[in-house]
Amino acid sequence: MSSDDVQTLTSQELYASQAQLIDEAAEALPHQFTSCTYPLGPLRQAVYLCLTCKLNDPDVQPKGICSACSVACHTDHEQLELFPKRDFRCDCPTTQAHRCTLYTALEPSNEGNKYGQNFRGLFCRCGRPYDAKKERETMIQCVGCEDWFHESCLNLRERPASRALSPVKQEDGDASDEEGSLPPPLISGEDYDALVCGSCVLEIPTLKRYAGTTGVMMVVRHSDAEPWKVIGQEEDGSAETNVEIDAKTAEAEGQTGSKRPREEGSADGSNKRLRGSPSAASESKPCLAPTPNPTAQKIYKCTSANGTDEGKKPSPSEPNFGTGDVFLTEGWRARWCKCPSCLPSLESRPYLLEEEDTYEPPEDPDSGLSLEELGMRALSRLPRERALDGIRAFNAMRDGLMDYLRPFAMEGRVVQEADVRAFFEAKKTENGEA
Ligand SMILES: [Zn+2]
Ligand SMILES: [Zn+2]
Ligand SMILES: [Zn+2]
Ligand SMILES: [Zn+2]
Ligand SMILES: [Zn+2]
Ligand SMILES: [Zn+2]
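Conventions we followed
- Residues numbered from 1 in each chain as written.
- Chains lettered and ligands numbered in written order.
- Predicted model: local features only at pLDDT ≥ 70, side-chain atom pairs only at ≥ 80, totals over all residues.
- Heavy atoms only, no water.
- Helix = DSSP H or I, 4+ residues; strand = E, 2+ residues; numbered from the N terminus.
- Buried < 20%, exposed > 50% of the residue type's maximum accessible area, 1.4 Å probe, protein only.
- Contact = heavy atoms within 4.5 Å.
- Areas by Shrake-Rupley, 256 points an atom, 1.4 Å probe, with all protein chains shown as cover.
- Donors = N, O, S within 2.8 Å, 3.2 Å for Na, K, Ca; no water.
- Tetrahedral: all angles 85-135°; square planar, octahedral: opposite > 155°, others 65-115°.
- Pairing = 2+ DSSP bridges.
- Axes fitted to C-alpha atoms, helices over the stretch in contact; angles between N-to-C directions.

Draft legend 1. Structural view of the overall build of the protein. Counting its secondary structure elements, the protein contains 14 helices and eleven strands. Counting only residues that meet the buried cut, the protein has 47% of its 434 residues in that class. The long-range share in the protein, meaning contacts at least 24 apart out of those at least 6 apart in sequence, stands at 71%. Surface summary for the protein: the accessible area is close to 22,300 Å², and the carbon and sulfur share equals 51%.

Draft legend 2. Quick look at the coordination of the zinc ion (ligand 4). The protein atoms donating to the zinc ion (ligand 4) are Cys-124 (SG), Cys-126 (SG), His-150 (ND1) and Cys-153 (SG), with metal-donor distances spanning 2.0 to 2.3 Å. With four donor atoms in place around the zinc ion (ligand 4) and angles of 99 to 118° between them, the coordination shape is tetrahedral. Here the donor residues for the zinc ion (ligand 4) map to a single chain with the spacing C-x1-C-x23-H-x2-C. A single burial state applies to His-150 and to Cys-153, both of which are buried.

Draft legend 3. Examining the pairing of strand β9 (residues 216-220) more closely. Summarising burial for β9: five of the five residues are buried, a large majority. Pairing geometry for β9 and strand β10 (residues 229-231), over three bridges, is antiparallel. Note that in β10 the partner of Val-219 across the bridge is Val-230.

Draft legend 4. Expanded view of the coordination of the zinc ion (ligand 6). Taken together, Cys-287 (SG), Cys-337 (SG), Cys-339 (SG) and Cys-342 (SG) make up the full set of protein donors to the zinc ion (ligand 6), lying 2.3 Å away. Viewed at the metal, the four donor atoms of the zinc ion (ligand 6) are separated by angles of 105 to 115°, and the geometry they form is tetrahedral. Of note, the zinc ion (ligand 6) draws all its donor residues from one chain, in the sequence arrangement C-x49-C-x1-C-x2-C. Under the relative-accessibility criterion, Cys-339 is labelled buried at 2%.

Draft legend 5. The sheet that holds β10, seen in detail. Pairing in this open sheet of four strands is antiparallel, and the strands run β8-β11-β9-β10 from one edge to the other. Every other strand in the sheet has two partners, leaving β8 (194-196) and β10 as the edge strands with one partner each. Adjacent strand axes in the sheet meet at a mean angle of 30° when their direction is disregarded.

Scope: geometric values only; no functional claims are made or implied.
Quick look at the structure:
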């Protein structure tokens, strides 16, 4: 930088003045959204549906777009955030109708992408569409299928009665009153780290075996007349007595772990589940998995007998003992038994053993932030709908600033902080203090 008397604009200062803009306008973002993730290939990343481009049209191959494309390519469009989806490659460059502005070559469809019901705008085992204005319930994402579930569909609490009848018009951030009137969920968000939905559990033998044991909580009941209760809490006390005894017995039998107390009423299921484990255990590592919880196993027997592939609830005529969802407490990934019988179904889903990386657009590049990046940074802190409005506002502001700065660039003049400030001051007055 040059002498002290000429105050040039360093990237820090630019950052500071931009940060001020951001605070003033409450519109800026922690990430830059200047490159589509397509060239990075499939990865776990936030995915967006563009409703305006009908990227959820059931008659055509659904498409999802990366966060950069949601901001840069579909700026003015109505969108639905699906949150992270693993092994997903951005479809924006494969979309002919609305061409990608960040990655301009037209690419073939992404054969590797999996498009569940979320890509048709439907969520949960109840298959309902999501409407931010009407939805009163918290929804929870399954770490397996990455679909989203209503708390009521997880039996964590009753479905709020008024939701369907009187969609409450919620002002921005004013949902708290409504939320406050709901009864507390049976398992609160602080009490667990991850949800795996019942249909995912059915596909993961080791998880199914752990279901309902300590740290692998479930919501169950023994008859339709009973209230729902939680099993598998860590400081249990409410865990079922026979399970506790079984677990203690198993513990007392110690390291061999090969002999398990018989469970009532699930001989078939347990045979299948435990296939190979005692003999394998005697040769190498003993199996340290807890004794399966009979209540949990009964639920899986019912649900698999009903042939519920999509994890639907049992038909109304069937008693509903639970949906088979499990709520894993903190530290769950480190707790699995890794014996030869337990390990394979975990290894085939690496996210069960190690927390997976979720792509985030790059942050604060060393070279300093561009105006666009700084504006985007501000925008990301806003709720989605407001952010999209903000993007429009920002684009207008950026164009203005670029016009303003162009003469400096053409004449090779250094932009000074005062110059930028002057622009923002003018803008601020123009917008009536926003
Ligand atoms: Zn993209
Ligand atoms: Zn669009
Ligand atoms: Zn794009
Ligand atoms: Zn639901
Ligand atoms: Zn699932
Ligand atoms: Zn094991």
